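Fold and contact review
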Amino acid sequence: MLWVAAALVALFGRWPALGRALLAAGALSGVIAAIVGLPNPTSTAVLPLRLAGEAVAFRLEPEALWLFGFGLAPALFACALGSPSHYGRSGWNFGAAFSLLGALGVFGLQNGAALLVAWEAMSLGGAIMILSERLDSARGSTVLFMLALLEVGAVGLILAVAILGLGTSSLDFASFVGAAAALRSTTQIGVGLLVLVGFGAKLGLLPFYEWFPGAYGSGSGASGAILSGVVLNAAFFGLSRGLFEWLPPSPEGAFPLLAIIVVVVGTVSAILTILYAFQEDDWRRLLSFSSAENASIAVAALGAAMLFRSYGLRELAGLAWTVSLLHLAGHALAKGSLFLTADGLQRATGSYAITASGAGKYWLFGIGALLGAMSLSAMPPTAGFVSEWFVFQTVFQGFHLPNLAGRLVLALAGAGLALTAAVAFATFVKALGIGALGRDANRNAPISQSYSGTVGFLGLAVLLLGVGMPVWLTALDVATARHFGAAVARQMYVGPLLVPLTAKFAFISPSLLIIVMPLLALVPVTLILVSGRYRVRRSPVWYGGLSPDPAGAATTALAFSNAMRTFYSFVYRPTAVTEREADAQGYFVRKLALEHDVAPIFGPLLFQPAVRSINAIAGKLRLLQSGHLNFYLGLIGLLLVLVLGLTLA
């Protein structure tokens, strides 16, 4: 109701502060509802509307409350702060309200037709947010590209819902299980792939991740915090529900092959997206690729859960499924802190470029950004470290599978995710070290207290989630018991230790690390105190025997990543174009312009040919707009003849 009120206020085009307050109050109520409701689901409510002749029910399962609550935490602060853009603030409020209402529908609606409506509302709301901010001149084309790919996913969802609905003549999700069980194995695989394409379009699975940098890079960090938090979590929940609840887990059927496909797609997507994230020099574009990478890791864990469940290894399946929820919870908090870090830097410097800003002196802002980057880099003792450690412990359990294909796929997935973790670490060393903590003698970025407090709070929330994981896991007991017949979440900790079902295989304890790490810090502190009697000698960095210019000698975001671009040139296919403008004789160069980029993989091979084909068809259809009355009368006459012929037939 608060979000509906915010949308209505935004339609008047006035009182943007009131709209932001209503949005934030709605997000806060959602967070409180998740805390109060877990570990149990909500009661079922029948809405006063009918779609396709059926009543529409609404219920939030425990996993939906989990993803919804953690996704809303950064959205709460993003809505309260609003977009840093001075344009279209009411439009941004309307888009945010529309997107959040759509996400709520995806999490709770129990009808296929209602799900499709909520899915479209969520996509449209994101587009309105980006378009209203006017932060990029090319926002129109990037948003159209985003909507085009999301509509491809929507078509996949429509087909999947239609196939399952035809089997029982109902669009209620409770009837989909029986309908899927009656299908042939090949049809089950087809439905699973349609679900993967449909929800994967918003998760950023290949090839859909290519809309992420353009769309996210045209909006603000506030928009990114909503899209990469509650919206991304809603898409993952839909994928999990489609693959886990709608399709039967029979080892003789389609489930093992479909699970292998999900693991492979998730792993390859994670590798490609983090490689491209490493090359970005814009906060929003880098973080957008990172969102796709983390969603892909969660999808790979979901595929492992499907693979274990198909062979009756229900506890291992529950472990993998729970890990995917833990990963997205930590990701939502960490990504929200960094997207709002980007907004704070943009307000201070006027740019989203990853350059030295001198913002590290604001200690609360710096600590919050550091903890968010540590989590996304899987550094202890943050939430990202816990979830990625659990991911590796899950894929290492592949030796329990009875067939070689499953064991080999999980082993290769572990190797691919290890590469992803290494590149992610380098990515956030670059982003944080240069963009937030880098010093510039000529720049003093004044970070506002609102952004310092917000980023600091979200960063500390990431730390609290990791350190308190044994407590947080109890919120998923009912969910794991419902899906896997046992409270698997309760088996993932022994006191302060976190274990992959058993302490005999492996264990960690962020709860104890938070005590031990400060004690270990006493060692370097002692060395500093002991060495204090020696004078520190400072000298300039060697710069080829020349007096270095601090600005020219500084490490830039692109210089930091150039070595990786060269090593993985077969993936990046880097391009560089140099243009020179000289005088008439050509002796003196007046202007030197260098453009560099990395080539997308799927754009030239998949998207550009489709665009050329559509343009060619549109060129032919322009004849219908000739403006000649006789031509239009002829078309009408032809249509009348066709209608008459069909009637007679």
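Here, every reference points to the structure presented above.
Note that the structure is a prediction, hence the values are computed from the model and not measured.

1. Points about the overall build of the chain
Helix and strand counts for the chain stand at 26 helices and six strands. Its C-alpha atoms give the chain a radius of gyration of 26 Å, near enough to 26 Å, the size a compact globule of 649 residues would have. Its C-alpha atoms give the chain principal-axis dimensions of roughly 100 × 75 × 55 Å. Each of the 649 residues in the chain was classed as buried or not, and the buried ones make up 53%. Within the chain, counting contacts between residues at least 6 apart in sequence, those at least 24 apart form 77% of the total.

2. Observations concerning helix H11 (residues 255–278)
Here H11 is 24 residues long and its end C-alpha atoms lie 35 Å apart, about the 34 Å a rise of 1.5 Å per residue gives. In terms of burial, H11 is a largely internal element, 20 of the 24 residues being buried.

3. Digging into the pairing of strand S6 (residues 589–598)
Counting buried positions along S6 gives one out of 10 residues, so the element sits mostly on the surface. As paired strands, strand S5 (residues 574–582) and S6 are joined by nine bridges and run antiparallel to one another. Of the residues in S6, the one forming a bridge with Val577 is Glu595. Between S5 and S6, which pair antiparallel one after the other, the connecting turn spans six residues, and Gly586 there sits at a positive phi close to 85°.

4. Things to note about a nonpolar patch on the surface
Among the surface-exposed residues, Ile617, Leu621, Leu624, Leu629, Phe631, Tyr632, Leu633, Leu635, Ile636 and Leu640 lie close enough to one another that they form a single nonpolar patch of about 920 Å² accessible area. Every element with two or more residues in the nonpolar patch is listed here: helix H25 (602–621) and helix H26 (629–648). Sorting elements by how many residues they give to the nonpolar patch places H26 first, with seven residues. With respect to the element layout, Ile617 can be found in helix H25.

5. Regarding the nonpolar core
Core analysis: the biggest nonpolar cluster contains 190 residues, and Trp66 and Ile226 have the highest contact counts within it. Setting aside anything within four residues of it in sequence, one finds Trp66 in contact with Leu38, Leu325, Leu326, Ala329, Trp472, Ala475 and Leu476.

6. Here we look at the pattern of salt bridges
Scanning the model with the defined rule gives seven salt bridges in all. Two residues, Glu61 and Arg59, come together in a salt bridge whose shortest N-O distance is 2.7 Å. Its relative accessible area of 23% is what places Arg59 among the partly exposed residues. With a closest N to O distance of 2.8 Å, Arg482 and Glu63 form a salt bridge. Of this pair, Arg482 sits in helix H19 (residues 477–484) while Glu63 sits in helix H3 (residues 62–81), placing them 419 residues apart in sequence. One salt-bridge network, in which partners are shared between bridges, spans Arg59, Glu61, Glu63, Glu245 and Arg482.

7. Examining helix H2 (residues 16–37)
The periodicity of an α-helix, 3.6 residues per turn, causes residues three or four places apart in sequence to face the same way. The end-to-end C-alpha separation of H2 is 31 Å, in line with the 32 Å expected for 22 residues at 1.5 Å each. Along its buried surface, H2 packs onto helix H1 (2–11), H3 and helix H4 (89–108).

8. Re the packing of H3 against H4
In contact at an axis separation of 11 Å, H3 and H4 are set at 170° when each is read in the N-to-C sense. Judged on the interaxial angle alone, H4 and H3 are roughly antiparallel. Side by side, H3 and H4 meet where Ala64, Leu67, Phe68, Leu72, Ala78 and Cys79 of the first sit next to Trp92, Leu100, Leu104 and Phe107 of the second. Among the residues making up the contact of H3 with H4, the classes are represented as 10 nonpolar, no polar and no charged.

9. So, the packing of aromatic side chains
Following the criterion strictly, the structure yields 31 aromatic pairs and no others. An aromatic cluster is defined as three or more aromatic residues linked by ring pairs; in this entry it consists of Tyr209, Tyr276, Phe289, Tyr572 and Phe602. A cation over an aromatic ring shows up here: Lys202 above the ring of Trp119, its NZ or CZ 4.8 Å from the ring centre. The lysine or arginine in question, Lys430, covers the ring of Phe278, its NZ or CZ lying 5.5 Å from the ring centre.

10. Thoughts on the side chain of Asn233
Examined against the element boundaries, Asn233 turns out to sit in helix H10 (residues 221–244). Aside from chain neighbours lying at most four places away, what touches Asn233 is Leu67, Gly71, Phe107, Leu328 and Ala332.

11. Comments concerning the environment of Pro470
Within the secondary structure, Pro470 is located in helix H18 (residues 469–472). Through-space distance from the C-alpha of Pro470 to that of Arg490 is 8.6 Å; in sequence the pair is 20 residues apart.

12. A few points about the packing of H3 against helix H13 (residues 314–349)
Following both chains from N to C, one finds H3 and H13 inclined at 5°, their axes separated by 9 Å at the closest point. By the angle between their axes, H3 is roughly parallel relative to H13. In contact with Glu63, Trp66, Leu67, Phe70, Gly71, Ala73, Pro74, Phe77, Ala78 and Leu81 of H3, H13 contributes Trp321, Leu325, Leu326, Leu328, Ala329, Ala332, Leu333, Gly336, Leu340 and Arg347. For the contact of H3 with H13, the class distribution of residues is 16 nonpolar, two polar and two charged.

Cut-offs applied
- Residues numbered from 1 in each chain as written.
- Predicted model: local features only at pLDDT ≥ 70, side-chain atom pairs only at ≥ 80, totals over all residues.
- Heavy atoms only, no water.
- Helix = DSSP H or I, 4+ residues; strand = E, 2+ residues; numbered from the N terminus.
- Rg over C-alpha atoms; globule rule 2.2 N^0.38 Å.
- Buried < 20%, exposed > 50% of the residue type's maximum accessible area, 1.4 Å probe, protein only.
- Contact = heavy atoms within 4.5 Å.
- Expected span 1.5 Å × (residues − 1).
- Pairing = 2+ DSSP bridges.
- Patch = residues over 30% accessible without salt bridge, like charges linked within 9 Å, V, L, I, M, F, W, Y side chains within 5 Å.
- Areas by Shrake-Rupley, 256 points an atom, 1.4 Å probe, with all protein chains shown as cover.
- Salt bridge = Lys/Arg side-chain N within 4 Å of Asp/Glu carboxyl O.
- Core = buried A, V, L, I, M, F, W, Y, C linked by side-chain atoms within 4.5 Å.
- Axes fitted to C-alpha atoms, helices over the stretch in contact; angles between N-to-C directions.
- Parallel < 35°, antiparallel > 145°, perpendicular 65-115°, else oblique.
- Nonpolar A, V, L, I, M, F, W, Y, C, P; charged D, E, K, R; others polar.
- Phe/Tyr/Trp six-rings, centres within 6.5 Å; stacked < 30°, edge-to-face > 60°.
- Lys NZ or Arg CZ within 6 Å of the ring centre and 35° of its normal.

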